[in-house]
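Structure assessment
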Amino acid sequence: MLIGTAVVGATTMIFSIIMALTKGLTENVNNLSLLHAPFVLGLVTGGAMIYWFTGASTQAVTTGAYRAVEFIKANIRLDGAASASIADSKKVVEICTKYAQKGMLNIFIAVFFATLAFASSNRSSSSATFSPSPSSLVPGHLHGQRRRRLGQRKKIVEVELKQKGTPLHDATVIGDTVGDPFKIRLPSR
């Protein structure tokens, strides 16, 4: 529901920007054409940005997971213990969160400066600055829906099918983990 609402809001914003750039579709409409090279470059860049974001956020979470495994191997001994201590568990979560947030900061910086580069590279055509927005909408929506469904499948297998601990459940856990970079949360204090 939230993903669909975001898409509707973004679509509304995009069409209002189109109306503002073209003064109600009366001026500069040719700048919003696939024959206008800066506009096409913006479309390609905007679509590619979603895939870059996906890879970069997955890499950030993967790095955190590797650091957490290193910490666990070096500091946590589960020989004879049923589970790790609460303090050790909090430290592992802290490590994962730290690397995920560092990765998100890098992503923000890259997106911010890419936007500035587009804005300053073609001052004569505001459509070039605007064009990454609509082209990132469709792949962004599809990625969001796919990640959301991965988590739902795990719940269906656990609750409705009651197949926790089976190979099917293991597969859904992996799928849910793949979607985790898109559910990054701030640590509670």
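Heads up: the structure comes first, above all this text.
Overview of the structure. Please read all numbers here as calculations on a predicted model, not as lab measurements. (Residues numbered from 1 in each chain as written. Predicted model: local features only at pLDDT ≥ 70, side-chain atom pairs only at ≥ 80, totals over all residues. Heavy atoms only, no water.)

**Here we look at the pattern of salt bridges**
The full count for this structure, using the stated rule, is 2 salt bridges. One salt bridge connects R67 with E70, and the closest N-O pair in it is separated by 3.9 Å. Residue R67 and its partner E70 are located together in helix α2 (residues 37-75), separated by 3 residues, close to a single helical turn. One salt bridge in this structure joins E94 and K91, with 3.8 Å as the shortest N-O distance. Here K91 and E94 lie together in helix α3 (residues 86-121), a separation of 3 residues that amounts to about one turn. The partly exposed category is assigned to E94, whose relative accessible area is 48%. (Salt bridge = Lys/Arg side-chain N within 4 Å of Asp/Glu carboxyl O. Helix = DSSP H or I, 4+ residues; strand = E, 2+ residues; numbered from the N terminus. Buried < 20%, exposed > 50% of the residue type's maximum accessible area, 1.4 Å probe, protein only.)

**Quick word on the packing of α2 against helix α5 (residues 132-160)**
One way to put it is that α2 packs onto α5 with a least axis distance of 6 Å and a crossing angle of 30°. With respect to their mutual orientation, α2 and α5 come out roughly parallel. Crossing handedness for the pair α2 and α5: right-handed. Here G42, L43, G46, G47, I50, Y51 and T54 of α2 come into contact with α5, specifically with P132, P134, S135, S136, P139, G140, H143 and R147. Of the residues in the contact of α2 with α5, the class split is 6 nonpolar, 8 polar and 1 charged. (Axes fitted to C-alpha atoms, helices over the stretch in contact; angles between N-to-C directions. Parallel < 35°, antiparallel > 145°, perpendicular 65-115°, else oblique. Left-handed = near helix turned anticlockwise from the far one by under 90°. Contact = heavy atoms within 4.5 Å. Nonpolar A, V, L, I, M, F, W, Y, C, P; charged D, E, K, R; others polar.)

**So, the nonpolar core**
Counting 5 residues, the largest nonpolar core consists of A68, F71, I76, V92 and I95. Elements represented by at least two residues in this core include exactly α2 and α3. With near-sequence residues (within four places) excluded, V92 lies in contact with A68, F71, I72 and I76. (Core = buried A, V, L, I, M, F, W, Y, C linked by side-chain atoms within 4.5 Å.)

**Points about helix α1 (residues 2-21)**
When the terminal C-alpha atoms of α1 are compared, their 28 Å separation across 20 residues agrees well with the 28 Å that a helix rising 1.5 Å per residue should span. At the exit of α1 stands K23, carrying a positive phi of roughly 45°. (Expected span 1.5 Å × (residues − 1).)

**So, the packing of aromatic side chains**
A full pass over the atoms with the stated rule returns 2 aromatic pairs. Their ring planes at 85° and their centres at 5.2 Å tell us that F112 and F113 sit as a pair that is edge-to-face. We classify F113 as partly exposed; its relative accessible area is 49%. Connected via pairs of aromatic rings, a cluster forms that spans F108, F112 and F113. K102 extends its terminal NZ or CZ atom over the ring of Y99, reaching a point 5.3 Å from the ring centre. (Phe/Tyr/Trp six-rings, centres within 6.5 Å; stacked < 30°, edge-to-face > 60°. Lys NZ or Arg CZ within 6 Å of the ring centre and 35° of its normal.)

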